[in-house]
Structures are given as C-alpha cells and as structure tokens.
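# Analysis of the macromolecular model
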2 protein chains.
Amino acid sequence: MNVAIIGLGLMGGSLALSLKKLDFIEDVVGFDHNKEHEKQALELNLVKKIITFEEVKNYDVVFLAIPVDGVIASLKNLINIPKNTTVIDLGSTKSKIISSVPPQIRENFVAAHPMTGTENFGPSAAVEGLYEGSVVVLCSLEDSGELQASVARKIFKALGMKKSFMNAHEHDRHAAFISHMPHAISYSIANTVMNQENKNNILALAAGGFRSMSRLAKSSPNMWEDIFRQNKDNLLEAIELFEDELQLLKKNIKDENWDNVHKNIESGTKLHDILD
Amino acid sequence: MNVAIIGLGLMGGSLALSLKKLDFIEDVVGFDHNKEHEKQALELNLVKKIITFEEVKNYDVVFLAIPVDGVIASLKNLINIPKNTTVIDLGSTKSKIISSVPPQIRENFVAAHPMTGTENFGPSAAVEGLYEGSVVVLCSLEDSGELQASVARKIFKALGMKKSFMNAHEHDRHAAFISHMPHAISYSIANTVMNQENKNNILALAAGGFRSMSRLAKSSPNMWEDIFRQNKDNLLEAIELFEDELQLLKKNIKDENWDNVHKNIESGTKLHDILD
C-alpha cells in the first residue's frame, strides 16, 4: 500500500513517521503547498519524496492533513481519482467537510478526526507515536465505500488507535464543547493577560497552572480560524453556555455566597472522576 | 535550625521533603488539623514527628502551608511566639493576610508566595523538588524583622528558588490575572462540559487540549474558595476583562469577521514569545 500525505505539519508529519513503520505500507510520500515545509519534511526524513498535487491520484491512500477549509478545496480537485483510492481527512470539524465531498468521490472518502495533537505546528513539530493510544472518531462511515472503510480501519488499528463512531452533526457538537470552546478560551486568556500584565510579571508569576491554561493559545492561527468558521454555530453555543457558567460563579463570588462558590468548585472537580 | 510546618498537604509536604535535605536544617516536624493527614505524613516520612499547634513556638521557623483563611486564623494564635521565631506563610493571596498580622508579631512574619504547585492535594500529593527552580514572591519584606527576612531568603535560596519582590496589592492583582482567573475558568469549563456531555463522549473526545484546560479544576475546593474570597475584587476584575475579550472573539465569529478572528488568534499566540 502506497500513501500520499497532503500537509506535512504536525499531524501529517507525525502520521508519516508512524506509517513508515507499518509492514503493509510501502512508500510514504508527501505534498505541501508551503515549499519550505516540503523542504523541511525531506530534511527531517518524514517522507520518502515530495510529489505534486496531481500525482497523489497514483497512490492507494491519500491523507488530507491540512486546515479544514483546505480539505474542502482539495476534495474538489480530487474528483478524478481512481475508484479504489482511499482519501482520509483528519480535520477537526466534520459536517461542512462531509457535505462538500463531490458525490462522484463520496465512496472514496473517509472522514476521520484523530483526537490527538500538540500545540506546536509545522514539520518540525512532528513526533513519532502521536497517534498511538488515542481515539479516532470516524464519521458517517456507512457512506464510505466498503474497501475504503476497511482500509481506514486497518490503518488506524495498526497505528494503535481506538475507534469511535458518530455522525458528523454529533461529532461537531461534542468537539465544540470538548475542544473548540476550550481553544477559544485559551486565546482569550492569553490576550487578557497580555493586555493587563507586562512581560516581567508574566514571567515572574506564570507557574504550571497558567502555562496549562494558555498552552493551547500557541496553536496554529490558520488551522483554528478554519475550525471556528466551519463549526461556528456549535462553537458559539458552547461559548455561551460557558459564559453562563462563569457568570454564575462570578455572581456567587460578588454576592459572597461562599457556600455556592464552594459547591460550584466542588462540582467542577467531579470531572476528574470521569477523566482520571 | 528547626522547622515546624503547619499544613502537611501538597505544599507543606513537598516543602518538608526538600527542607530535610538542607545541611543547615535539623528537625522538620509538622502539624495538621486533619488527623488523617498527620498520620499519612508520618507514614510517607514527610516529617520527623507530629507536634501540637501549641508546640510550634518551640521551633525557629514556622511555615503556614494552609488555605489562606486558615493563615489568618493561625496568626492570631501565634501572638506569643518568641521574638526570634520566623513565621512564613505560603498563601496565594497577600493583602488580607498582611493586614491581619497581629502587630506584636509583624516582625516575625514573612509573606511569601511560591509560584509552584500541582492540581493534586493532600500529603500523598507531596513531591520532592516542587519548589526548585520556581519563583517565590516576597511581599513587603521591609516590614519583616531583619533576622526573619534573612532566614526566609536563606531558606528559599537553598531551595533553589528565584526571588521576586512586590507589595501585597500588586501581588494580588497580578496573581488574579495569572493564576486565580484561570482557575475560575477551568472550574467553569469543567462544569459546562459535564452539564452538556455524557461521560462516554467526554472520554472518547478528551485529548491533551481539554485535559490541559480542565486540569486546574482538580484543585482543592477548600483552598480555592478561600483564595476567591480573599482576592475577590481583583478576581472579579480579571474575570470581567476576560469576559470582554471572549465577547470580542465571539462577536467577530458571529459577524463572520474572519480577518479579525485571525488577528485575535494570532495576537494570542504572541504570549508564547514571552513564555517559551
């Protein structure tokens, strides 16, 4: 099986590193619209060679590891791929992508969202093992061709991932709460603190807690602008429900209703009965 | 030098582990109002022995490693300590504590805030090296006795900490933005997600980003209720400025003003030019 990866940043580059190790994968090649990234990907030995976008149709599997608006644009340019090609996107939103797949390649297409990543980006951010042990959400897999669904399952299994199935609408709402809204908040924390605090005080006082809350604010602006656009309605709903929750905590603090503050804090700690 | 630590949780327990290693420290003993914690602290070998609160006056240095309301209460019960005793509090707020120090022991007292910690609490959370390499903020050190200031400097230096000096008012405002507001947000994220999402979807979709943003929501409710109370006005201001910032991002998303969304995200990423 030969694989072409479009997008050689954190997600695509890390994927290349892991795919190369699999016994049923022969060549892993790549394309990136950023020529500097292509050069780095070769230097870092992420892919065997760089190909043109037109050449991807010669590969059995094509991964789209690019910002979600780019996924939609690329799919339009893949309408003449062979019947047996599998195209897998790794984007963080799913509804707009799935509804934009040209019908003639709908069976070629598998919508996947690997729940992994780091705040770093570009080819130099690629790390081996990024996918291992994480969940991959597969959306509306029943609309993919039988061959393509089984190719995707085989690859994600070989990467050591746990599969989760849901439709695109469900996925996008859950992702808004569990990923996209927290990213928006992290950017806003970063901006608030930079508006209010000078560099020296930030450096003096920033301990692990602040680093943890502002870490996501390092994430790629191109990637996140696209996600916010494609998941706009769910994201706005999630932000507004978060605002209501913060408003409630603030009101209890303002009113010195410390019993309620305590209950609010304590109920927040319960999340970790689920997560840990 | 003999040291008594009041409060044998994460901060006090970790401190005990590091102090024991210093050549100028003889005994490190402890007290905790929670008898179970005292037992655990002995079992974990954090302190040499457990003493009563009344006995702390027999030690050269007394650390108060307890929630900030407890610091204020304890200081009132320490008014008859010897002239040469050094009492150091490690609380996350400073104005209310400093203004509540009984005048007869003001020179005994050193207000310190070590900018370190983890989301875990209790004696079992104690880890060696927690203080090493972190900043300790010393507030209004000019009001401490000369002996006490020099004892505190010596200990924090030996712990490998970097010192930062500011008055309590400045400290509390900075801490509100860089620590207390992010904690409040983390609790609200945790509550929002638990209200909207079931356990299975949280587990399926929670990747590193969500864990990072909700980690602080594990922190001790007793400790954080006190901090929110003592730093109420600064915290409310910080939350409100954060709300304005999030509101702006939300408005740009709602209005589909993607250039502004991109600028907002990009300015957020600039924080990491300072932090990294």
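The structure contained in this document is the topic of the report that follows. Residue numbers here run from 1 along each chain, matching the order of that chain's written sequence. The naming scheme follows written order: chains are lettered A onward, ligands numbered 1 onward. Only residues with pLDDT of 70 or above have their local features reported here, since the model is predicted, and side-chain atom pairs are shown and tallied only from 80 upward, although totals for entire chains, interfaces and linings are computed over all residues. Hydrogens and water molecules were not included; the side-chain quantities draw on all heavy atoms of the structure.

## Some words on the sheet that holds strand β4 (residues 86-89) of chain B
Residues and elements named next belong to chain B. When DSSP finds two or more bridges between a pair of strands, those strands are recorded as paired. Each helix is a run of DSSP H or I of at least 4 residues and each strand a run of E of at least 2, with the numbering of both proceeding from the N terminus. The strand order β2-β1-β3-β4-β5-β6-β7 describes an open sheet built from 7 strands, whose pairing is mixed. Looking at which strands have only one partner, the edges of the open sheet turn out to be β2 (28-31) and β7 (162-166). For this sheet, the mean angle separating the axes of adjacent strands, direction not counted, is 25°. As defined by bridge partners, strand β1 (residues 3-6) adjoins β2 across 4 bridges and the pair is classed as parallel. If you follow Ile6 over to β2, its bridge partner there is Phe31. By definition in these notes, contact holds between two residues if any of their heavy atoms fall within 4.5 Å. Note on geometry: axes are lines fitted to C-alpha atoms, helical ones only across the stretch in contact, with angles between N-to-C directions running from 0 to 180 degrees. Helix α1 (residues 10-19) rests against β1, β2, β3 (61-64) and β5 (109-114) of the sheet, and its axis sits at about 160° to β1.

## Re the interface of chain A and chain B
In this assembly, 85 residues from chain A lie in contact with 85 residues from chain B. The term salt bridge refers to a pairing of a side-chain nitrogen on Lys or Arg with a carboxyl oxygen on Asp or Glu at a separation within 4 Å. Counting across the interface, chain A meets chain B through 8 salt bridges. With a shortest N-O distance of 2.6 Å, Lys250(B) and Glu243(A) are connected by a salt bridge. Any pair of nitrogen or oxygen atoms within 3.5 Å is treated as a polar contact; in protein, a donor-acceptor pairing is required on top of that, and neighbouring residues in sequence qualify only through side-chain atoms on both sides. Put simply, chain A and chain B have 36 residue pairs in polar contact (both at pLDDT 80 or more) between them. Ranked by the residues each element gives to the side of chain A that touches chain B, the list is headed by helix α6 (residues 168-196) of chain A, at 20 residues. Counted by class, the side of chain A that touches chain B contains 44 nonpolar, 23 polar and 18 charged residues. Side-chain classes are defined by residue name, with Ala, Val, Leu, Ile, Met, Phe, Trp, Tyr, Cys and Pro counting as nonpolar, Asp, Glu, Lys and Arg as charged, and the others, Gly among them, as polar.

## Details of the environment of Gly129(A)
All names here are of chain A. By secondary structure assignment, the location of Gly129 is in the loop between β5 (109-114) and β6 (135-139). A relative accessible area of 31% means that Gly129 is categorised as partly exposed. The spatial distance from the C-alpha of Gly129 to the C-alpha of Ser14 is 7.4 Å, given a sequence separation of 115 residues. Each residue is placed in one exposure class: buried if its accessible area under a 1.4 Å probe, protein chains only, is under 20% of its type's maximum, exposed if it is over 50%, and partly exposed if it falls in between.

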